[in-house]
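Structural overview
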Amino acid sequence: MYKFAIVGGGFGGLVSAIKLKDFVLFEKSKILGGCGGYFIRNNLVFNSGATTIAFMGKNEFVYQFFESFGIKLDFKEHKLAFDIIDVQDNKVFNFKEVINSNEKIFEKIYYNPLALMKFLFDFLKVSNLNEYEKHALIISLQSSKTPFEIFKKLSYDYYLSTWAIFKEGFKNLIESIEQRIISNGEIIKECEVVKIKKLSNYFEIETTNGIYKAKNVILNLDPWNVNRILGKNLLKLPKENNLWHALVLYLSWKVKPLKNYYYLILDRNLKTIHAPFVSFFENGTITISAHYKNYYNEKEIDHLLNVLKSMNIEFQLITIANSKSFEKYTGRYKGYVGGFEMSYINLISSFLRGLKKDGIYFMGDYYFPGQSLASSIIRAKWLL
Ligand SMILES: Cc1cc2nc3c(=O)[nH]c(=O)nc-3n(C[C@H](O)[C@H](O)[C@H](O)COP(=O)(O)OP(=O)(O)OC[C@H]3O[C@@H](n4cnc5c(N)ncnc54)[C@H](O)[C@@H]3O)c2cc1C
């Protein structure tokens, strides 16, 4: 009998395991990390989904969380956030600079809700700002001196904080976490949890490897899978029309890229593929991760690759993942990735949605909006 059974070895499950003792962690894949994991192809290590880890400066909370549990991470500090490539205007500008240069305007009006609403309405309507600049402004507005410190931490501060560059993407990160957590519990990979039954004072966990028992259960799964595994509708399901699929292109490069490691492509010709984010890694790989709602137009992929070519980058396309791949490898229902966008309402509703119920804890990005690892750490601090 274990004290805790953790289902799912994504960031939410890993952070839980760092905090706990006497646990068993079940992961259905060969590799831990889920949407923040990695895979190896053509002898190259690729990040599967997430590419940025923020708050990794020596005085910042994600770094300090790892340090407090004795997890030594080998990474390079990155303070430049990302650059935005405005394809039509042929301009490149830094997101962090946009936020910094507008912060003062917002601090003045922040404490007057009417002025704020009017300002937002008028300003965003008539301004010549492009959609990313508007986004940056809204983020800085929402977060300056807000009493919701957590909200602030996960939005605007994300871009201003120090990010981590790992040499082989998240392979180093996952392996360092894994090494640390095996001293306090057991990790069982390639083991899918299929059913969980609550008995008088423990849970019976049916897996593809056999039956296990635990006093407490932490489910690091989306709410559809939670309900399926429990065989009842314990959690209210989110509205599907607000959710996103991921599209990721995995490439390799030969020549050291430009000044930054991260670029957001702003291209008004992309209609079905949203916010493509290009990440360069020092091991010679690139990922371009983007979102789509119901479908994407294949031609827009060529378009994206042409943008890279226009940046004089010599690359090779290795493979592509979409919602089907994410559903297959991470078990995400219909391949929906990411939880909810950060807004006050989502913060409150997802927090309520994820309160401990029937003796079960809920971790992962469906239960706390924000940036994966950072939000998992905040949630684990509160909850576990
Ligand atoms: C393309 C993309 C880009 C992103 N970019 C960033 C970024 O740059 N920065 C950032 O902070 N965040 C980013 N995110 C978000 C971030 O990756 C996620 O928020 C985070 O990884 C979610 O972690 P999780 O633990 O909640 O869920 P998951 O990563 O989905 O973990 C769930 C785990 O459970 C396992 N599992 C599922 N069912 C079972 C079962 N029945 N039994 C056992 N195991 C099971 C899965 O295999 C998986 O490992 C990105 C996400 C995507 C998809």
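For the structure, see preceding data.
Residues numbered from 1 in each chain as written. Predicted model: local features only at pLDDT ≥ 70, side-chain atom pairs only at ≥ 80, totals over all residues.

Thoughts on the packing of helix 1 (residues 11-19) against helix 8 (residues 170-181)
Threshold: All axes here are fitted lines through C-alpha atoms, helices being fitted over the stretch that makes contact, and every angle between N-to-C directions spans 0 to 180 degrees. Each helix corresponds to a stretch of at least 4 residues labelled H or I by DSSP, and each strand to a stretch of at least 2 residues labelled E; elements are numbered beginning at the N terminus. By convention the crossing between two helices is left-handed if the near helix lies anticlockwise of the far one by an angle smaller than a right angle, and right-handed if it lies clockwise. We call two residues in contact whenever the C-beta atoms placed from their backbones are within 7 Å. Each residue is assigned to one class: nonpolar for Ala, Val, Leu, Ile, Met, Phe, Trp, Tyr, Cys and Pro, charged for Asp, Glu, Lys and Arg, and polar for all the others, Gly among them.
Relative orientation of the contacting elements helix 1 and helix 8 amounts to 35°, with a least axis distance of 9 Å. Crossing angle aside, the handedness with which helix 1 passes helix 8 is left-handed. Between helix 1 and helix 8, the residues in contact are Leu14, Ala17 and Ile18 and Ile177, Arg180 and Ile181, respectively. A per-class count over the contact of helix 1 with helix 8 returns five nonpolar, no polar and one charged.

What about the site of the ligand?
Note the cut-off: Any residue whose C-beta atom, as placed from the backbone, lies within 6 Å of a molecule or strand is termed near it. Domain start and stop points were drawn from an automatic or database domain assignment.
Taken together, 36 residues sit near the ligand, with Gly8, Gly10, Gly34, Gly331 and Gly364 positioned nearest. Breaking the shell around the ligand down by element, the ones donating at least two residues are helix 1, strand 13 (244-253) and helix 13 (372-383). The element that contributes the greatest number of residues to the shell around the ligand is helix 1, accounting for three residues. Considering only residue class, the shell around the ligand consists of 11 nonpolar, 20 polar and five charged. Both of domain 1 (2-37 + 166-238 + 339-383) and domain 3 (244-330) provide at least three residues apiece to the shell around the ligand.

Quick notes on the nonpolar core
Condition: Here a nonpolar core is just a set of buried residues of the types Ala, Val, Leu, Ile, Met, Phe, Trp, Tyr and Cys, joined wherever their C-beta atoms sit within 7 Å. Exposed residues have 12 or fewer other C-beta atoms within 10 Å of their own C-beta, buried residues have 20 or more, and partly exposed residues fall in between, where C-beta atoms are placed from the backbone.
Of all hydrophobic cores here, the largest spans 97 residues; its most connected members are Ala5, Val7, Phe23, Val62 and Ala214. Ranked by residues supplied to this core, first place goes to strand 13 with six residues. Ignoring sequence-local partners within four residues, the contact set of Ala5 consists of Phe23, Val24, Phe203, Ile205, Tyr212, Ala214 and Val217.

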